Amino acid sequence: MGGHIESYAFRHLPSPVPSSKPTGSPTATPAPTAGPGSDFSALSALYVATGGGAGNWTSAGGWLTGQPCTNSWYGVYCNATADDDRGEWYGRGVNGIVIQDSNGMRGTLPSQLGELTAMSLVGLVITSQSLTGTIPTQLGRLTAVEPYFMLYSNRLTGAIPT
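Residues numbered from 1 in each chain as written. Predicted model: local features only at pLDDT ≥ 70, side-chain atom pairs only at ≥ 80, totals over all residues. Heavy atoms only, no water.

> Sorry, what's going on with the sheet that holds strand β5 (residues 130-134) here?
The parallel open sheet is built from three strands, whose spatial order is β3-β5-β7. With one partner strand each, in any of the chains shown, β3 (106-107) and β7 (155-157) form the two edges of the open sheet. Sheet topology places β5 next to β7; three bridges connect them, and they run parallel. Across the sheet, T134 pairs through a bridge with T157, a residue of β7. (Pairing = 2+ DSSP bridges. Helix = DSSP H or I, 4+ residues; strand = E, 2+ residues; numbered from the N terminus.)

> For this particular structure, what's the right way to read the sheet that holds strand β6 (residues 149-150)?
In sheet architecture, strand pairing relies on hydrogen bonds along the backbone and comes in two forms, parallel and antiparallel. In spatial order, the strands read β1-β2-β4-β6; together these four strands make up an open sheet with mixed pairing. A single partner strand is all that each edge strand has here, and the edge strands are β1 (76-78) and β6. When strand β2 (residues 94-99) meets strand β4 (residues 123-126), the two strands line up parallel, connected through four bridges. In the strand pairing of β4, I99 is matched with I126. Relative to the sheet, helix α1 (residues 38-49) contacts β1, β2 and β4, its axis offset from that of β2 by approximately 10 degrees. (Contact = heavy atoms within 4.5 Å. Axes fitted to C-alpha atoms, helices over the stretch in contact; angles between N-to-C directions.)

> Any chance you could explain the state of the cysteines here in plain terms?
Such a bond, covalent and formed between the sulfur atoms of two cysteines, is termed a disulfide. Tallied over the entire structure, the rule returns one disulfide. With its sulfur 2.2 Å from that of its partner, C69 forms a disulfide with C78. Taking the torsion about the S-S bond as the criterion, the C69 to C78 disulfide, at about -80 degrees, is left-handed. The exposure class assigned to C69 is partly exposed, which follows from its relative accessible area of 29%. Using a relative accessible area of 22% as the deciding quantity, one classes C78 as partly exposed. (Disulfide = S-S within 2.5 Å. Buried < 20%, exposed > 50% of the residue type's maximum accessible area, 1.4 Å probe, protein only.)

> How should the environment of A45 be read in this particular structure?
Position of A45 relative to the elements: it lies in helix α1. In sequence terms A45 and Q112 are 67 residues apart; their C-alpha atoms lie 6.7 Å from each other.

> Even after reading the chapter, I still don't get the nonpolar core, so can you show me in this structure?
Side chains of nonpolar character tend, in soluble globular proteins, to be buried together. Counting residues in hydrophobic clusters, the biggest one holds 30 residues, and the most contacted among them are W63, I97, L109, L116, L124 and I126. Breaking this core down by element, the ones donating at least two residues are α1, β2 and β4. Those residues in contact with I126, other than ones at most four positions away along the chain, are L46, I97, I99, M105, L109, L131, M150, L151, Y152 and N154. With five residues, the next largest nonpolar core counts Y77, V98, V122 and M150 among its residues. (Core = buried A, V, L, I, M, F, W, Y, C linked by side-chain atoms within 4.5 Å.)

Now the structure itself:
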């Protein structure tokens, strides 16, 4: 995945997940100390680090409620199947994160996203937000998302980790 932030490709992406507005008043949500799985822990770290728990996200349906793959967390794709419909990806958990169009994410990308090594078919697409800082080196573990590794329209610095 070498290169700089501007040097990535976009090929195909499933339709965006429908938006849903969070309910209730915004309140700060602490990072969980022990989650029921690495997908939960990594995604929870993303939610907290980018202001989801502070009520900054405009769409946050399902986040931190149950498991991401059984409770349809906004922007999280799970158990996607391959185009050839053999189902070779089924059951692998989180296949991608797609959050676009100014969802109010602010802050830095957490290193825990590098734990989502089952991501491949959908990828990592977080665009048009207010993310800052450097891309964590741990994201270099996500080697299968290369065609779908998109972080443009943010204020991130540095090279894409390999």
